[in-house]
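So you can see what is in the structure, the chains are spelled out below.
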Amino acid sequence: MAGTHEGGALHSPGYGSVAIVPGWLRAPGDVNDLLPQLWAATVGRHRDGALRVGGVDVRELAAAHGTPAYVLDEADFRGRATAFRDAFSGAFADLCGGADVYYAAKTFLCTGVVRWLAEDGLNLDVASGGELATGLRGAMPAARMVLHGNNKSRAELRAALAAGVGRIVLDNLAEVDVVADLARELGTTAPVMIRVTVGVEAHTHSYIATAHEDQKFGLSLASGRAEAAAAAVLARPELRLLGFHSHIGSQIFDTAGFEVAARRLLGLTARVRREQGAELPEIDLGGGFGIAYTSEHDPLAPADLAGHLAAIVERECRAEGIECPRVSVEPGRAIAGPSTFTLYEVGATKDVELDGGARRRYVSVDGGMSDNIRTALYDADYSATIASRRSAAEPVLSRVVGKHCESGDVVVRDEFLPSDLGAGDLLAVPGTGAYCRSMASNYNHVPRPPVVAVRDGVARVLVRRETVEDLLALDVG
Ligand SMILES: *Cc1c(COP(=O)(O)O)cnc(C)c1O
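Quantities reported herein were computed from a predicted structural model and do not represent experimental measurements. Per chain, residues are indexed from 1 in the order of the written sequence. Where local features are concerned, this predicted model is filtered to residues with pLDDT of at least 70; where side-chain atom pairs are given and counted, the filter is 80 or more; whole-chain, interface and lining totals use all residues. Here the side-chain values reflect all heavy atoms present in the structure, with hydrogen atoms and water set aside.

### Concerning the side chain of histidine 297
Line of reasoning, step 1. Along the chain, histidine 297 turns up in the loop between strand 18 (282-284) and helix 9 (302-320).
Line of reasoning, step 2. Taking the relative accessible area as the measure of exposure, histidine 297 reaches 7% and is therefore buried.
Line of reasoning, step 3. Polar contact criterion, stated in full: a pair of N or O atoms within 3.5 Å, where within protein one must be able to donate a hydrogen and the other to accept it, and residues adjacent in sequence count only if both atoms are side-chain atoms. From its side chain, histidine 297 meets the backbone nitrogen of tyrosine 293 in a polar contact 3.2 Å long. Put simply, DSSP marks the helices as runs of H or I at least four residues long and the strands as runs of E at least two long, and each gets a number from the N terminus on. Accessible area is worked out with a 1.4 Å probe on protein chains only. A residue is then buried under 20% of its type maximum, exposed over 50%, and partly exposed in between.

Laid out in structure tokens, this is it:
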């Protein structure tokens, strides 16, 4: 499994698995090579050795916008978004009630991205009042938004209903009456779905189907709570039940888990029809589609994913003898993740001896866990490459670390980087478009980096760099 170091095998993200033999390391052939599946579509190394993205040299980006910076390839982001849209509308064209793609806002959100999604025909999944407000500010029609959350406040629910969101996903029984009462107060009807814990938890290459669900989200299928919630919703005229929702995990590379989830959701849909007489027009299968952070990961293309899911849903509906409902999915990482790399400047370096005589070099960059918490939080794998020039120096096993007061402040655990990498060089870490800026913190009172979108030779700041003045502005004491 990715992220583990077993039996002396060291996982080197950019270059596959490298066995460590004491005193000897098998290093990659050329540390300047880019693995295309890890990078946004327009990234390449120019003849002069520096990386370019969207026709812009990273050295120019660093000079104009500083480091660290998240550099987002607009064509790549929009290309992945529209690939999902087209794959699902294609696969479900003559099937079920069609399909909708909701981009999961928590992955990375700003008004610029919302405008692209609105223009490109995608919908938006939000999970807080802040995400809802950003969606509205970016002119996403409220009817194309869904509100999620296991503990939505009344204020968030009221704002969503007042804006006219297309659906609210109910996460617990108490919420049924809260939303119905608010809808009555506002003189409206609330379209709702019910989040079901289907007993499938999928992560990367494996999934576990269990009978009971030990986690905070949703109403469980096995206990009958999901069915009871449907009855409670149907009893309230202020609510309109669209159907059931599930989200089974993240970084998923096959459709086995979705197959089990779809079967269980559709079984539930059929049961509610039989026993409660309600025809539910939709199901939502959530997100979680994986991306390549390393050479080990092999994601499904959106067209294959959509084709498999369409076949599964159709087959299960036939087996249950129900009309095939409209299907929605909620990709986040698979759209935003590969679109962005983080550009850092290298500072201090230090060499250490490992057991068995191998060496590791610590390469410190000018950011760290404040702009990418995923390595520390999830033991996530990333890769890195020298970005400002080409190097012919021998590769050395390196660990890219940040500037924070925490020894777990690691950005890239293992990577081969050229031995002459040093202060002032630029380093790029790909695959940081998802859950990096959105999870960024101000640890050590480090201001958060900007997000710079690049397209056709032009760089545009989507989110500006935070300043120390911004931080101090909150400090009113
Ligand atoms: C996080 C989340 C998603 C998106 O997950 P990805 O792994 O980024 O695709 C979709 N739906 C729900 C309900 C989520 O919580």
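Right, picking up where we left off after that structure.
### Concerning the state of the cysteines
Line of reasoning, step 1. Cysteine sulfur atoms are paired as a disulfide whenever they come within 2.5 Å of each other. Here the structure, examined in full by the defined rule, presents 1 disulfide.
Line of reasoning, step 2. A disulfide-free cysteine, cysteine 110 has its sulfur positioned 15 Å from the sulfur of cysteine 436, the nearest such atom.
Line of reasoning, step 3. Take cysteine 317: it sits in no disulfide, and the sulfur closest to it among the cysteines is that of cysteine 324, at 3.8 Å.
Line of reasoning, step 4. Assessed through its relative accessible area of 3%, cysteine 317 is described here as buried.

### Details of the pattern of salt bridges
Line of reasoning, step 1. Put simply, a salt bridge is a Lys or Arg side-chain nitrogen that is within 4 Å of an Asp or Glu carboxyl oxygen. For the structure on display, the rule yields 34 salt bridges.
Line of reasoning, step 2. Arginine 80 is the partner of aspartate 76 in a salt bridge, and the nearest nitrogen-oxygen pair spans 2.7 Å. Here aspartate 76 pairs with arginine 80, and both are found in helix 2 (residues 74-91), just 4 residues apart, close to one helical turn.
Line of reasoning, step 3. Overall, the relative accessible area of 4% leaves aspartate 76 in the buried class.
Line of reasoning, step 4. For arginine 80, a relative accessible area of 26% corresponds to the partly exposed category.
Line of reasoning, step 5. Here aspartate 120 ties to arginine 78 by a salt bridge, and the two come within 2.9 Å at their closest N and O atoms. In this pair, aspartate 120 sits in the loop between helix 3 (111-119) and strand 9 (123-126) while arginine 78 sits in helix 2, placing the two residues 42 residues apart along the sequence. Per residue, the accessibility class of aspartate 120 equals that of arginine 78, and both read buried.

### Here we look at the nonpolar core
Line of reasoning, step 1. If you look at the biggest cluster of nonpolar residues, it comprises 109 residues, and the most contacted ones within it are Phe88, Leu124 and Ile168.
Line of reasoning, step 2. Ranked by the residues each element gives to this core, the list is headed by helix 8 (residues 256-276), at 9 residues.
Line of reasoning, step 3. Two domains each provide a minimum of three residues to this core, namely domain 1 (10-73 + 338-473) and domain 2 (98-331).
Line of reasoning, step 4. Should any heavy atoms of two residues lie within 4.5 Å, those residues are counted as being in contact. Ignoring sequence-local partners within four residues, the contact set of isoleucine 168 consists of Leu147, Lys152, Leu157, Ala160, Leu161, Val179, Pro191, Val192 and Met193.
Line of reasoning, step 5. In this structure, Ala292, Ala387, Ala428 and Val452 belong to the second largest nonpolar core, which totals 19 residues. Within this scheme, the nonpolar core is defined by two criteria: the residues are buried Ala, Val, Leu, Ile, Met, Phe, Trp, Tyr or Cys, and they are joined through side-chain atoms within 4.5 Å. Domain extents, as shown, originate in an automatic or database domain assignment.

### Some details on the confidence of the model for the chain
Line of reasoning, step 1. Residue-level confidence of the predictor is what pLDDT reports, using numbers from 0 through 100. The predicted model of the chain averages 92 in pLDDT, with 92% of residues at 70 or higher.
Line of reasoning, step 2. For the stretch residues 1-27, pLDDT sits under 50, and the model shows 63 contacts to residues farther than four places along the chain or on other chains.

### Some thoughts on the site of the ligand
Line of reasoning, step 1. Throughout, the term near means that a residue has one or more heavy atoms lying within 4 Å of the molecule or strand in question. Lys106, Gly288, Glu330, Arg333 and Tyr435 are the nearest of the 17 residues found near the ligand.
Line of reasoning, step 2. Interatomic distance of 2.6 Å between a side-chain N/O atom of lysine 106 and an oxygen atom of the ligand.
Line of reasoning, step 3. In the environment of the ligand, an oxygen atom lies 2.8 Å from a nitrogen or oxygen atom belonging to the backbone of arginine 333.
Line of reasoning, step 4. Exposure was quantified through the Shrake-Rupley algorithm and a 1.4 Å probe, taking into account, for residues, occlusion by the shown protein chains and nothing else. Contact with the protein chains covers 92% of the free accessible surface of the ligand, which is 390 Å².

### Some points on the UniProt feature "binding site: pyridoxal 5'-phosphate" (unreviewed entry) in the chain
Line of reasoning, step 1. UniProt positions are given in the numbering used here, feature names are shortened, and annotations may be inferred rather than shown by experiment. What UniProt calls "binding site: pyridoxal 5'-phosphate" (unreviewed entry) maps, in this numbering, to Gly288, Glu330, Pro331, Gly332, Arg333 and Tyr435.
Line of reasoning, step 2. Residues within four places of arginine 333 in sequence aside, it is in contact with Thr107, Ser250, Gln251, Phe289, Ile291, Tyr293, Pro338, Arg374, Ala434 and Tyr435.
Line of reasoning, step 3. Side chain to side chain, arginine 333 and tyrosine 293 meet in a polar contact 2.9 Å long.
Line of reasoning, step 4. Along the chain, tyrosine 435 turns up in the loop between strand 25 (426-430) and strand 26 (451-455).
Line of reasoning, step 5. In this structure tyrosine 435 touches Lys106, Thr107, Arg333 and Arg374, once residues within four positions along its chain are discounted.

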